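# Structural overview for review
Chain by chain, the residues:
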Amino acid sequence: MMVAHALAHEAEKLLACIHCGLCVSACPTYLQLGDENDSPRGRLYLMRAVAEGRLPMTSKALARHIDLCLGCRACETVCPSGVRYGRVLEAMRADLARGRLTLGQRSARFLLNHIFTSPTRLRWFFAPARWLRRRAFARRLAERKLLPARLKLALELLLATSPEVDSPLAPPRQQQTSPSASTRGQERRVAVFAGCVARELFEWTNRATKEVLMAHGCAVEDPPDQVCCGALHAHAGEIETARALARRNIRVFERCAAEALVVNVAGCGAMLKEYGELLADDPEYAERARAFAARVRDISEYLIEIGLRPGSRPVRLTVTYDAPCHLHHAQRVTTAPLELIRRIPGVTFVPLVESEM
Ligand code: SF4
Ligand code: SF4
């Protein structure tokens, strides 16, 4: 019989739930499905039943309700008891990952443990995707109804990552600064966390992040040997791989004399800020992980912290803001992105209803 090892470790967090139900109406899966088992309270109840031996870990219903959770952590924001739902969920998924897995789940775990752990293998893995998104036939294929719906969606998402997608904010090529040329004589030292998928498919976003930081007087470091933050692994129950990646990132960034580690992906930022908790039981790394986490800043909060210098050229755009779950709920960075938008001259901001959902 499978035993709830990781979940047992988080038993105290499970007991913190007083079943008040305040989180239920904040949960997107409950609002969509209307099933208490797909609400935070319902899932916590199921997990507690597993931890207390009243529900077998092999229950298919349990696996389905846990699998459907988005991990958005909107429930944490509204919980009056401070239940650390995200930690409990990761523990539950770690225990489930030790059970019988489908072929698809085993393949996903192979990718996480053997491809996403190595920047070199990741580069090769994403090479076909980078090639495909530059092909005109891929664009034509996405416009037609030839592909199965899921494949079509995947192709559309890939094409949306193309650096050739028009951005009204993109400066002409000749205006773009080269990072190495612009780091001399700057007053602040920062390191940029490049991410895994971001480094392979959103290099232009990382480049823009560096250019904005340099325009604010920062000398930017981008250590080439940094690795994935481990969020994908932790969310999928591969907690030991997540810890191994965290240890490596800590060693890499300890060599940087940066006052802040700036990150532009909400999920990565949430994970990096929680390295202290992730490695709390590791005598060699616990303190180093806390020091690492204390330096992590989302790009929006860092720019507000050091004082945003808006450009003089008005940007005539109407924009809105859809708060990323892991920025709003996990990192609790709620006002900085809106403040950034507000300070850009010429921008018209239109609030998005339920943007925090
Ligand atoms: S809001 Fe918190 S205490 Fe209340 S049911 Fe949800 S998780 Fe439990
Ligand atoms: S993490 Fe999000 S989807 Fe999961 S229970 Fe909490 S609110 Fe619902």
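Every residue gets a number counted from 1 within its own chain, in the order that chain's sequence is written. Naming scheme: in the order in which they are written, chains are lettered from A and ligands are numbered from 1. In view of the model being predicted, local features appear only for residues whose pLDDT reaches at least 70, and side-chain atom pairs are presented and counted only at 80 or more, with totals across whole chains, interfaces and linings using the full set of residues. The side-chain quantities take in all heavy atoms of the structure and omit both hydrogens and water.

Another point: the site of ligand 1. Any residue with a non-hydrogen atom lying within 4 Å of a molecule or strand is treated as near it. Lining the immediate environment of ligand 1, one finds Cys 17, Ile 18, His 19, Cys 20, Gly 21, Cys 23, Arg 41, Leu 44, Cys 79, Pro 80, Ser 81 and Val 83. Classification convention: Asp, Glu, Lys, Arg as charged; Ala, Val, Leu, Ile, Met, Phe, Trp, Tyr, Cys, Pro as nonpolar; all other residues, Gly among them, as polar. Residues of the shell around ligand 1, tallied by class, amount to eight nonpolar, three polar and one charged.

It is worth spelling out helix H5 (residues 60-68) at this point. Given 3.6 residues to a turn, an α-helix orients residues that are three or four positions apart in the same direction. Residue burial is assigned from relative accessible area. The probe radius is 1.4 Å, only protein chains are included, and a residue is buried under 20% of its type maximum, exposed over 50%, and partly exposed in between. Put simply, DSSP marks the helices as runs of H or I at least four residues long and the strands as runs of E at least two long, and each gets a number from the N terminus on. Buried residues of H5: Leu 62, His 65 and Ile 66, and no others. The buried residues of H5 occupy one face: seen down the axis, they fall within an arc of 95°. Projecting away from the buried face of H5 at angles above 90 degrees are the exposed residues Lys 60, Arg 64 and Asp 67. By construction, the arc corresponds to the directions joining the helix axis to the C-beta atoms.

Turning our attention to the confidence of the model for the chain. Think of pLDDT as the predictor's per-residue confidence, scored from 0 to 100. For the chain, the mean per-residue pLDDT works out to 89, and 92% of the residues sit at or above 70. Under a pLDDT of 50 for its full length, residues 171-183 has, in the predicted model, 14 contacts with residues more than four places off or in other chains. The contact criterion used is simple: two residues touch if any of their non-hydrogen atoms lie within 4.5 Å.

With that settled, consider the sheet that holds strand S3 (residues 260-263). Pairing within the open sheet is parallel, and its four strands lie in the order S2-S1-S3-S4. Looking at strand neighbours, the two that pair on one side only are strand S2 (218-221) and strand S4 (296-298), the edges of this open sheet. Taking the axes of each pair of neighbouring strands and ignoring which way they run, one obtains an average angle of 40° across the sheet. Sheet topology places strand S1 (residues 188-193) next to S3; four bridges connect them, and they run parallel. Any two strands with at least two DSSP bridges between them are considered paired. Fitting a line to C-alpha atoms yields each axis, with helices limited to the stretch in contact; the angle taken between N-to-C directions then spans 0 to 180 degrees.

Here we take up the pattern of salt bridges. Take a side-chain nitrogen of Lys or Arg and a carboxyl oxygen of Asp or Glu: if they are within 4 Å of each other, that pair is a salt bridge. Here the structure, examined in full by the defined rule, presents 28 salt bridges. Between Arg 123 and Glu 200 there is a salt bridge, with the nearest N and O atoms lying 3.0 Å from each other. Remark: Glu 200 occurs in helix H12 (residues 197-201) and Arg 123 occurs in helix H9 (residues 119-132); sequence separation between them is 77 residues. Note that Arg 288 is salt-bridged to Glu 284, the shortest N-O span being 3.6 Å.

One less than the residue count of a helix, multiplied by 1.5 Å, gives the span that helix is expected to have. The end-to-end C-alpha distance of helix H11 (residues 149-160), which contains 12 residues, comes to 16 Å, matching closely the 16 Å that a straight helix rising 1.5 Å per residue would cover. Restricting attention to buried positions, one finds in H11 the residues Lys 152, Leu 155, Leu 158 and Leu 159. Angular distribution of buried residues about the axis of H11 spans 125°; they occupy a single face of the element. For H11, the exposed residues set more than 90 degrees away from the buried face come down to Ala 149, Arg 150 and Leu 157.

Close contacts around ligand 2 come from 13 residues, with Cys 27, Arg 43, Cys 69, Cys 72 and Cys 75 the closest. Contributing elements (two or more residues each) for the shell around ligand 2: helix H3 (28-33), helix H4 (40-51) and helix H6 (74-78). A per-class count over the shell around ligand 2 returns nine nonpolar, two polar and two charged.

Two elements in contact, helix H13 (residues 203-215) and helix H19 (residues 299-306), have axes whose closest approach is 11 Å; the angle formed by their N-to-C orientations is 10°. If you check the angle between H13 and H19, you find them roughly parallel. Along the contact surface, H13 presents Thr 209, Val 212 and Leu 213, while H19 presents Ile 299, Tyr 302 and Leu 303. Looking at the contact of H13 with H19 residue by residue, the classes come out as five nonpolar, one polar and no charged. Every angle not falling under 35 degrees, over 145, or within 65 to 115 is termed oblique; those three ranges are roughly parallel, roughly antiparallel and roughly perpendicular.

A word on the environment of Glu 203. Within the secondary structure layout, Glu 203 lies in helix H13. Residue Glu 203 is classed as partly exposed on the basis of its relative accessible area, which comes to 33%. Remark: the alpha-carbon pair of Glu 203 and His 9, spanning 194 residues in sequence, is separated by 39 Å. Each residue touching Glu 203, except ones within four places of it in the same chain, is listed here: Ala 198 and Lys 210.

This next bit is on the packing of aromatic side chains. How two aromatic rings sit relative to each other is set out by the distance from centre to centre and by the angle between their planes. For this analysis, a ring pair means two rings from Phe, Tyr or Trp (six-membered ring only for Trp) whose centres lie within 6.5 Å, classed as stacked if their planes differ by under 30 degrees, edge-to-face if by over 60, and tilted for the remaining angles. Applying the stated criterion to the full structure yields eight aromatic pairs. Here the aromatic rings of Phe 193 and Phe 253 are separated by 6.2 Å at their centres, their planes lie at 40°, and the arrangement is tilted. Pair noted here: Phe 193 is in strand S1 and Phe 253 is in helix H15 (residues 239-254), with a separation of 60 residues, a long-range link. Considered together, Phe 193 and Phe 253 belong to a single accessibility category, that of buried residues. An angle of 45° between the planes, with centres 6.0 Å apart, marks the rings of Phe 202 and Trp 204 as tilted. Relative accessible area serves as the criterion here: at 31%, Trp 204 is assigned to the partly exposed category. Three or more aromatic residues joined by ring pairs make a cluster, and in this case those are Phe 193, Phe 253, Tyr 275 and Phe 292. The rule for a charge over a ring is simple: NZ of Lys or CZ of Arg within 6 Å of the ring centre, and within 35 degrees of the ring normal. When the ring centre of Tyr 45 is taken as reference, the NZ or CZ atom of Arg 54 above it lies at 6.0 Å.

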